[in-house]
Amino acid sequence: MFDFDTPAPRAGTGSVKWDLRESSFGNASALPFWVADSDYRSPPEVTDALRDAAARCVFGYSFPTERYKSAVADWIATRHGWQIRPDWIVPSTGIVSELANIVRCFTAPGDKVLIQTPVYDPFAAIVTSSGRTLAENRLVRDEKLRYTMDLTDLRRDLGSGVKMMILCSPHNPVGRVWTEAEVRAVAALCREFGVLLVSDEIHWDILMPGISHFTAGNAGIDENVIVLTAPSKTFNVAGLKCSNDIIPSSALRRRLVAWKETRHMEGPNNFGLIACEAAYTHGAGWCDAQNAYLAGNAALVREHLAALPDLGVAPLEGTYLMWLDASFTGRSSVELCRRLNAAGVILNDGRRYGDDAFLRLNIACPRAQLERGLTILADTLQRSAL
Ligand SMILES: Cc1ncc(COP(=O)(O)O)c(C=O)c1O
């Protein structure tokens, strides 16, 4: 019913993933499996809504309407079982920039902000570039490459004067979807130590079969939590710069809104709002179909890479980002990526996330493209083993 097999034309459109291949990696024709967006089209209902808006030929000032907020609240209630009030929604223009605002609004220079590594690299960059102190809590992995939190370590780390914790949930790049017990444990520790929990849940809709997501918003710490969400990964609309902070506490909400107002920060643009509303109103079937397609892609990766018995593939529970342990090659991820680029595929090196033995592979693309990339990947890794 939905078509994920036909590649969307992206080269030559100003796409970061496709058009920065030459300048960033020195190979303009390499297949890109790096930046976290998708290479198939957004849901037809989203493009129809954008087309209708363009056909009106008026692009004046706009604001997030009650209908927009209801669409966001309904999506969250039906997909994530969290009943929010529309006034808890603070629309924003992207999660990375909003995280930076939140860190600067709610902490002071020098304060400790905790992240769990390996993790999406802008987290650390935001903390350090804001003049805050990075507190690192390492995730632990078992022999099957499944990552968990060491709650004893986390208790010690949060209890060392940390002011804010940024949770990545589901987790990029290790592919975990934290269980209800894990999220509740984190929430309980944050409450105990008076730590503001900021939960980046941008990937929360992208779930493998049988896996469900438990939002930190449902963990019973309304006074102490900010959940960051967006339609951008789910519906491939990252370039439209529209995200939503969900902030149950009116005190936290007022403080953030005032902080942004005094800096003349504005909300999302009209097209972002239109896409978000359309996606959340009509996109459930497409989202389910995409999840099934991605599960097929993940199976293809495991099948294909089984030819390299020493390569580890972390189990994928959520996100479309796969985490590969290439330590059998004896080479650093940066060196491997250099070889992979030259051979014709672009992956992210694990060093940027905090583990130099790993590579990150984005599987949100037509299956035929993935298959071509996997052949090059497997062959290059095999030849790279020392
Ligand atoms: C965990 C996580 N947060 C945030 C982002 C980026 O969000 P935005 O484009 O809204 O800044 C990404 C993109 O890959 C991500 O994986």
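Residues numbered from 1 in each chain as written. Predicted model: local features only at pLDDT ≥ 70, side-chain atom pairs only at ≥ 80, totals over all residues. Heavy atoms only, no water.

Novice: Explain the overall build of the protein chain to me, and be specific about the residues and the numbers.
Specialist: A tally of helices and strands in the protein chain yields 14 helices and 15 strands. Whereas a compact globule of 386 residues would reach a radius of gyration of roughly 21 Å, the protein chain reaches 21 Å, a difference of no more than 12%. Across its three principal axes, the protein chain shows a C-alpha extent of roughly 55 × 55 × 40 Å. For the protein chain, the proportion of its 386 residues judged to be buried stands at 55%. Counting only carbon and sulfur atoms, one obtains 53% of the accessible surface of the protein chain, whose full area is about 15,600 Å². Looking at the protein chain, you have 40 positive and 44 negative side-chain charges, and the mean spots of the two groups are 3 Å apart. (Helix = DSSP H or I, 4+ residues; strand = E, 2+ residues; numbered from the N terminus. Rg over C-alpha atoms; globule rule 2.2 N^0.38 Å. Buried < 20%, exposed > 50% of the residue type's maximum accessible area, 1.4 Å probe, protein only. Areas by Shrake-Rupley, 256 points an atom, 1.4 Å probe, with all protein chains shown as cover. Lys, Arg positive; Asp, Glu negative; His and termini not counted. Charge placed at Lys NZ, Arg CZ, Asp CG, Glu CD.)

Novice: Please give an account of the packing of helix H12 (residues 284–305) against helix H14 (residues 367–384) that cites residues and values.
Specialist: Axis separation between H12 and H14 bottoms out at 10 Å; the angle between their running directions is 25°. By the criterion of interaxial angle, the relationship of H12 to H14 is roughly parallel. You can see that H12 and H14 cross each other, and the crossing is right-handed. Packed against H12, whose contacting residues are Tyr293, Gly296, Asn297, Leu300, Val301, His304 and Leu305, the element H14 presents Arg367, Leu370, Glu371, Leu374, Thr375, Leu377 and Ala378 at the interface. Residues of the contact of H12 with H14, tallied by class, amount to eight nonpolar, four polar and two charged. (Axes fitted to C-alpha atoms, helices over the stretch in contact; angles between N-to-C directions. Parallel < 35°, antiparallel > 145°, perpendicular 65-115°, else oblique. Left-handed = near helix turned anticlockwise from the far one by under 90°. Contact = heavy atoms within 4.5 Å. Nonpolar A, V, L, I, M, F, W, Y, C, P; charged D, E, K, R; others polar.)

Novice: Could you give an account of the pattern of salt bridges, naming the residues involved and the relevant values?
Specialist: Summed over the entire model, instances satisfying the criterion amount to 24 salt bridges. Between Lys260 and Glu98 there is a salt bridge whose closest N-O contact spans 2.8 Å. One end of the pair, Lys260, is in helix H10 (residues 250–262); the other, Glu98, is in helix H5 (residues 95–106), with 162 residues separating them in the sequence. As far as the burial class goes, Lys260 and Glu98 line up, both buried. Here Asp356 ties to Arg351 by a salt bridge, and the two come within 3.1 Å at their closest N and O atoms. Residue classification places Arg351 among the partly exposed positions, given a relative accessible area of 46%. Each of Arg10, Lys17, Asp37 and Asp39 takes part in a single network of salt bridges with overlapping partners. (Salt bridge = Lys/Arg side-chain N within 4 Å of Asp/Glu carboxyl O.)

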